[in-house]
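Listed below are the residues making up each chain.
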Amino acid sequence: MLILQRKAGESLLIGDQIKVTVVSVEAGGRVRLAIDAPRSMTILRSELRRAMDANQDAAREEASPMELLGLLTGGTDGTER
């Protein structure tokens, strides 16, 4: 894993086709990013990818809806942490 520091307005390049720019950094630590990539490339937040994977596993294994909800909320039983 590569760890970089960037300030608002600064960018980084991934290959020749992807540019990630730091738009802003808020006081609470939230970072807003702009991603310039080809439309053919799928870009997902990691929590959505985990939920998709869990949903596919549930379709195969019959996981309970509360377990799936827990993945989205950060809890293990559908409750928030």
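You'll find the structure just up there.
Being a predicted model, the structure only gives us computed values, none of them experimental. (Residues numbered from 1 in each chain as written. Predicted model: local features only at pLDDT ≥ 70, side-chain atom pairs only at ≥ 80, totals over all residues. Heavy atoms only, no water.)

Peer 1: Before we move on, could you go through the sheet that holds strand S3 (residues 31-36) and cite the residues and values that matter?
Peer 2: Spatial strand order, S1-S2-S3: three strands in an open sheet with antiparallel pairing. The open sheet terminates on both sides in strands that have one partner only, identified here as strand S1 (11-14) and S3. With direction set aside, neighbouring strand axes in the sheet form an average angle of 25°. Note that strand S2 (residues 18-25) and S3 share six bridges and pair antiparallel. Pairing of Thr21 across the sheet is with Ala34, part of S3. (Pairing = 2+ DSSP bridges. Helix = DSSP H or I, 4+ residues; strand = E, 2+ residues; numbered from the N terminus. Axes fitted to C-alpha atoms, helices over the stretch in contact; angles between N-to-C directions.)

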